[in-house]
Structures are given as C-alpha cells and as structure tokens.
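# Observations on chain architecture
Chain residues, written in single-letter form:
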Amino acid sequence: MELGWIGPESLAVCRSLLLPAAAEALERREPLTALAVTEDGLALGALAAHLEDGSCVIDSLYVSPEHRRRGVGRRLVEGLEGLLAEGSEAAELRLSYTVTLPEHEAMGPFLAALGFAPEEDEGENIYFATLEQAADGPLFRRTGGGSKEILPFARVDGALLTRADRTAWQQGAPMARGLLTDARTDKEVSCALVRAGRVEAFVAFDHSCCQRLTLACAWSGAGGPAALAGLLLEAFRQAREKYPPETPLAIQAVSPASAALVRALLPQAVPVSFTYAKPLDG
C-alpha cells in the first residue's frame, strides 16, 4: 500500500472515495489537503482536510468496504498527522460525523484507537426517531382539541408565509432563507400559528437530513416558546395521517434549550452527530 497526494490527475481515480463537497473543492483548487492510499493503481481509501481557526478539520474520510481492517484508515490519518508535524500551525485534528448507516457506528471506536476523544455537543446535535416513537412521547398525552389558529402551510396564504420567512430569517432563526415557500418543504406537515392576519410562529418540515422527515426549523416568534408545543403536536398529527408509523424522523437541535426540548418531547430520540478531536504535539 502507498500513501500519496490526490491531485488533479488522480482525482478521477479517488473521487468515489470522497464526499462530493470535498471532490468539488479539489476541482476548484481550494486549499485542501487530500491523501489517498493506493495499491496496484487502485484507490483503497481517501481523506481530505482543511485548516480552520487553529484546527485541521477532516472533511472526508472513507475506506472502500472491501479493504477495511487493513490499516488503510489509520494510514490516512497518521499520514495527515505527519504532514502537520512538518510545520503546520494546527493545534489539533477534528472530525465530525453523523451516524446514518450501521457502518458509521465503527467511527467512534476507530477514532478513539487513534487517540481522539469525543467532545461535548453543547446542545448542537441531530436526533433520530420514528413517528411511532414520537407518538409514544409525552407530547401526545396532552388532552383537548387543537387550536383553530394552527394551520398546515398548505392552508396558509403564500404571502403570509413569505413575510414570516423574511421576519424569521432577519431575527436569526436557524433556517435557509425561503424555507417556508420552498417546494421541498412538506406543506401538509409543516404548521403555522396564524393570528390577526400574520404568522406568529411555525414549525417547518422537509426531507433534508438523510431523506428522513426532518424538522428543519422551529420558530417561536411572537407566539413565544409556549406556541411550539401546540405547533409540534399538530404537525406530528398531520405527519401520522400522511406517513406510516415507521417513518424515520430527524430533528436538529441548535442550542442547549432546543436539545432539552427534544429530549423532553421525544425521550426515545437518539443523538447521532459526534465530534472527535486530538491534540497535536508541537
């Protein structure tokens, strides 16, 4: 096995082993460090990383399944460490990943064996559950009918959604601008609190995370935090009418408060995003 650089001439051979964003960055000749382990002209594994705020961040790390357990991943990471020891100002190596497939569960033990340690997520994480698990959570133990002011996006005037989208984005809601009117947003499941001709709060769902039904944004707005529970309850009711119970669900928490809300409403939800770091000597 040989360790070498991935350059423009070898990118085609290694492209399938890199995440698309990393491969595209290399095509644009952005300042990425990219390494591959090859054998008889065949790429066995590849790594891409960049420097950021005193850290070397590993953007992509993958070993072909048929060549795992041969030390390829270790060779890649240790090769990167060797390069950094030659004069880089990076103080640590960092790698973040999300467990979306069973094979990803091996990443934590692999990194630990190389001297990496997990970091606290500080409330920022992606949680996985199913609609059936959501239905078993404390949110659905609430009694009483839903509010007539809470409506699916499909029943809300588009102009109101456009204004709410602009307001939420300007107030720093963790969302892509145009989310509420995006064709990919699930307008039968997403819900808004509509009062006096305006949207005061909303929860928006799409399928952006691993093709799962994804809570893309929850904004309390003028409705206040108390409005979110009612919005989520109605949204999950709509989701259960549209999708089967086993439908996978993803929720991204962006703060300790939102993480606490996820754990309270969906105690069976499992965090699936992790960051590992390793200090570099010298």
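Notes on the structure in this doc start here. (Residues numbered from 1 in each chain as written. Predicted model: local features only at pLDDT ≥ 70, side-chain atom pairs only at ≥ 80, totals over all residues. Heavy atoms only, no water.)

## Some points on the overall build of the protein chain
On a plain count of helices and strands, the protein chain comes out with eight helices and 14 strands. By principal-axis analysis of the C-alpha atoms, the protein chain measures approximately 65 × 35 × 35 Å. Within the span of the protein chain, comprising 282 residues, buried residues form 46% of the whole. The contacts of the protein chain with a sequence gap of at least 6 include a subset with a gap of at least 24, amounting to 68%. Carbon and sulfur atoms make up 51% of the accessible area of the protein chain, which amounts to about 14,900 Å² in all. Positive and negative side-chain charges in the protein chain, numbering 26 and 37 respectively, have mean positions lying 9 Å apart. (Helix = DSSP H or I, 4+ residues; strand = E, 2+ residues; numbered from the N terminus. Buried < 20%, exposed > 50% of the residue type's maximum accessible area, 1.4 Å probe, protein only. Contact = heavy atoms within 4.5 Å. Areas by Shrake-Rupley, 256 points an atom, 1.4 Å probe, with all protein chains shown as cover. Lys, Arg positive; Asp, Glu negative; His and termini not counted. Charge placed at Lys NZ, Arg CZ, Asp CG, Glu CD.)

## Thoughts on helix α3 (residues 72-84)
Taking 1.5 Å of rise per residue, the 13 residues of α3 would be expected to cover 18 Å, and the 19 Å separating its terminal C-alpha atoms lies within 8% of that figure. Listed in full, the buried residues belonging to α3 are Val72, Gly73, Leu76, Val77, Gly79, Leu80, Glu81 and Leu84. (Expected span 1.5 Å × (residues − 1).)

## A word on the layout of surface pockets
Each pocket or cavity is described by its volume, and for the largest pocket that value is around 940 Å³. Lining of the largest pocket is provided by 29 residues; of these, Leu61, Tyr62, Val63, Arg68 and Met107 occupy positions nearest its centre. Contributing elements (two or more residues each) for the lining of the largest pocket: β4 (55-63), α3, β5 (92-98) and α4 (107-113). Among the elements that make up the lining of the largest pocket, the one with the highest residue count is β4 (six residues). Class assignment for the residues of the lining of the largest pocket results in 15 nonpolar, eight polar and six charged. By volume, the second largest pocket amounts to about 640 Å³. Lining the second largest pocket are 30 residues, and of these Cys217, Ala218, Gln252, Val254 and Ser258 sit closest to its centre. Those elements that place two or more of their residues in the lining of the second largest pocket are β10 (198-209), β11 (212-219), α7 (226-242), β12 (248-254) and α8 (256-265). Looking at which element gives the most residues to the lining of the second largest pocket, the answer is β11, with six residues. Broken down by class, the residue content of the lining of the second largest pocket amounts to 23 nonpolar, seven polar and no charged. (1 Å grid on protein atoms, 1.4 Å probe; cavity = no way out; pocket = protein on both sides within 12 Å on 5 of 7 lines; lining within 4 Å. Points joined across faces, edges and corners; volume = space filled by probe spheres on them. Nonpolar A, V, L, I, M, F, W, Y, C, P; charged D, E, K, R; others polar.)

## Some thoughts on the nonpolar core
With 32 residues, the main nonpolar core has Val203, Phe205, Leu231, Phe236 and Leu249 as its most contacted residues. Of all the elements in the fold, those that place two or more residues in this core are β7 (124-130), α5 (131-135), β9 (191-195), β10, β11, α7, β12 and α8. With eight residues, α7 is the single largest residue contributor to this core. Residue contacts for Phe205: discarding those within four places in its chain leaves Thr185, Asp186, Val189, Ser190, Leu213, Thr214, Leu215, Ala216, Ala235, Phe236 and Leu249. Among the nonpolar cores identified, the runner-up in size contains 30 residues, and Val37, Leu95, Phe128 and Tyr276 belong to it. (Core = buried A, V, L, I, M, F, W, Y, C linked by side-chain atoms within 4.5 Å.)

## Some words on the environment of Glu200
Topologically, Glu200 is positioned in strand β10. Classification of Glu200 by relative accessible area gives buried; the value is 10%. Separated by 106 residues in sequence, Glu200 and Arg94 have C-alpha atoms that sit 39 Å apart.

## Some points on a negative patch on the surface
Among the surface-exposed residues, Glu120, Asp121, Glu122 and Glu124 lie close enough to one another that they form a single negatively charged patch. Topologically, Glu122 is positioned in the loop between β6 (117-118) and β7. We classify Glu122 as exposed; its relative accessible area is 65%. (Patch = residues over 30% accessible without salt bridge, like charges linked within 9 Å, V, L, I, M, F, W, Y side chains within 5 Å. Salt bridge = Lys/Arg side-chain N within 4 Å of Asp/Glu carboxyl O.)

## Thoughts on the sheet that holds strand β8 (residues 150-152)
Spatial ordering of the open sheet is given by β8-β9-β10-β11-β12-β7-β13, a layout of seven strands whose pairing is mixed. A single partner strand is all that each edge strand has here, and the edge strands are β8 and β13 (270-271). As judged from the two bridges shared by β7 and β13, these two strands associate in the antiparallel manner. Bridging from a neighbouring strand, Tyr127 pairs with Pro271 of β13. Helix-sheet contacts for helix α6 (residues 158-170) involve β9, β10 and β11, and the interaxial angle to β10 is about 85°. (Pairing = 2+ DSSP bridges. Axes fitted to C-alpha atoms, helices over the stretch in contact; angles between N-to-C directions.)

## Thoughts on the packing of aromatic side chains
The description of an aromatic ring pair rests on the distance of the ring centres and on the angle between the ring planes. As enumerated under the stated definition, the model contains five aromatic pairs in all. A centroid spacing of 5.3 Å and a plane angle of 35° characterise the contact between Phe202 and Trp219, whose relative ring orientation is tilted. On the criterion of sequence distance, the pair formed by Phe202 in strand β10 and Trp219 in strand β11 is long-range, its members being 17 residues apart. Side by side, Phe202 and Trp219 carry an identical accessibility label, which is buried. (Phe/Tyr/Trp six-rings, centres within 6.5 Å; stacked < 30°, edge-to-face > 60°.)

## Brief notes about the pairing of β4
Buried residues dominate β4, accounting for seven of its nine residues. As paired elements, strand β3 (residues 42-52) and β4 share eight bridges and run antiparallel to each other. If you follow Ala49 over to β4, its bridge partner there is Ile58. Taken together, β3 and the strand that follows it, β4, pair antiparallel across an intervening segment of two residues, in which Asp53 is found at a positive phi of about 50°. Bridge analysis of β4 against β5 gives four bridges, and the strand direction is parallel. Bridge assignment links Val57 to a residue of β5, and that residue is Arg94. In the classification by handedness, the crossover that spans β4, the intervening α3 and the parallel β5 is right-handed. (Right-handed = clockwise from strand over helix to strand, strands pointing away.)

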